[in-house]
Amino acid sequence: MGERELAELMHLVNRRLRHGYVRRLVPMGLSPSHARALRVLAADPGRPLRMVRLAEELRIVPRSLTPVVDALEEAGLVRRRTDPANRRSTLVELTPEGRAADERARDARRRAGEELFAVLTPGQREQLGELLATVDAAAEARGRDLEQAREGRA
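These lines cover the structure that appears in this document, whether it is placed above or below. Quick caveat: nothing in here was measured; it's all calculated off a predicted structure.

1. Some words on the sheet that holds strand β3 (residues 86–94)
Okay, step 1: Spatially, three strands are ordered β1-β3-β2 in an open sheet, and the strand pairing comes out antiparallel. Each having just a single partner strand, β1 (49–50) and β2 (78–83) make up the two edges of the open sheet.
Okay, step 2: Relative to β3, β2 runs antiparallel, the two sharing six bridges. Bridge pairing links V78 to L94 in β3.

Given below as structure tokens:
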């Protein structure tokens, strides 16, 4: 492959993509962690998530989620309420402003990708997308297999 190994190139390209994304998020008052939380909450509109479930979806520990939700709530993008099914649990749901912020964040990510990958032809972009989807699906399957083995289900 030459001077740079594939993993290093992926890391560098991902870092450039992230920088382009962050550059677009900052004027909106959002961080990537805020945008990820909004994206997860927007995935099932009208269905609030328990804080613990949101942390699981984001693959972070619940105590790391608290400042993210605090900031989003302060900005009026989410609201918290007690879970009527379990009064010890807190539900988080998007506000209409949060849905709009999620759309703007998705657009920022899309534009960052378009800018970065503009050097590729449409066919090359499609091929790259297919290759990355193949790698991601295989990694996801390996992760599930490892999780099942740890739980003794394999």
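The discussion continues.
2. Let's talk about the side chain of S89
Okay, step 1: Examined against the element boundaries, S89 turns out to sit in strand β3.
Okay, step 2: When its relative accessible area of 15% is taken as the criterion, S89 is described as buried.
Okay, step 3: Ignoring any residue separated from it by four or fewer positions in sequence, one finds S89 in contact with R50, R81, T82 and D83.

3. Focus on the pattern of salt bridges
Okay, step 1: Here the structure, examined in full by the defined rule, presents 14 salt bridges.
Okay, step 2: Taking the shortest distance from any N to any O, the salt bridge between D83 and R50 comes out at 2.5 Å. Taken as a pair, D83 in strand β2 and R50 in strand β1 lie far apart in primary sequence, 33 residues in all.
Okay, step 3: For D83, a relative accessible area of 7% translates into the label buried.
Okay, step 4: Given the relative accessible area of 34%, R50 is considered partly exposed.
Okay, step 5: The closest approach of N and O atoms between R79 and E93, which form a salt bridge, is 3.1 Å. Of the two residues, R79 sits in strand β2 while E93 sits in strand β3, which places them 14 residues apart along the sequence.
Okay, step 6: Since its relative accessible area comes to 39%, R79 is described here as partly exposed.

4. Let's talk about a nonpolar patch on the surface
Okay, step 1: Side chains of L6, M10 and L132 sit close together on the surface and give an oily, nonpolar patch of about 280 Å² of accessible area.
Okay, step 2: Residue position: L132 is located in helix α6 (residues 122–150).

5. Some points on the nonpolar core
Okay, step 1: Among the nonpolar cores identified, the biggest contains 26 residues, and L30, L38, L54, L65, L72 and V78 are the most heavily contacted of them.
Okay, step 2: Mapped onto this core, the elements with two or more residues apiece are α1 (6–25), α2 (32–42), α3 (51–58), α4 (62–74), β3 and α5 (96–116).
Okay, step 3: With six residues, the top contributor of residues to this core is α2.
Okay, step 4: When sequence neighbours within four positions are dropped, the list of residues in contact with L54 reads A37, V40, L41, L49, L65 and V69.

6. Side note on the packing of α2 against α3
Okay, step 1: Where α2 contacts α3, the axes come no closer than 10 Å and their chain directions differ by 115°. Taken together, α2 and α3 sit at an angle that is classed as roughly perpendicular. You can see that α2 and α3 cross each other, and the crossing is right-handed. Contact with α2, carried on its side by R36, A37, V40 and L41, involves L54, E57 and L58 of α3 and no other residues of that element.
Okay, step 2: Split by residue class, the contact of α2 with α3 holds five nonpolar, no polar and two charged.

What counts, and where the lines are drawn
Residues numbered from 1 in each chain as written. Predicted model: local features only at pLDDT ≥ 70, side-chain atom pairs only at ≥ 80, totals over all residues. Heavy atoms only, no water. Pairing = 2+ DSSP bridges. Helix = DSSP H or I, 4+ residues; strand = E, 2+ residues; numbered from the N terminus. Buried < 20%, exposed > 50% of the residue type's maximum accessible area, 1.4 Å probe, protein only. Contact = heavy atoms within 4.5 Å. Salt bridge = Lys/Arg side-chain N within 4 Å of Asp/Glu carboxyl O. Patch = residues over 30% accessible without salt bridge, like charges linked within 9 Å, V, L, I, M, F, W, Y side chains within 5 Å. Areas by Shrake-Rupley, 256 points an atom, 1.4 Å probe, with all protein chains shown as cover. Core = buried A, V, L, I, M, F, W, Y, C linked by side-chain atoms within 4.5 Å. Axes fitted to C-alpha atoms, helices over the stretch in contact; angles between N-to-C directions. Parallel < 35°, antiparallel > 145°, perpendicular 65-115°, else oblique. Left-handed = near helix turned anticlockwise from the far one by under 90°. Nonpolar A, V, L, I, M, F, W, Y, C, P; charged D, E, K, R; others polar.

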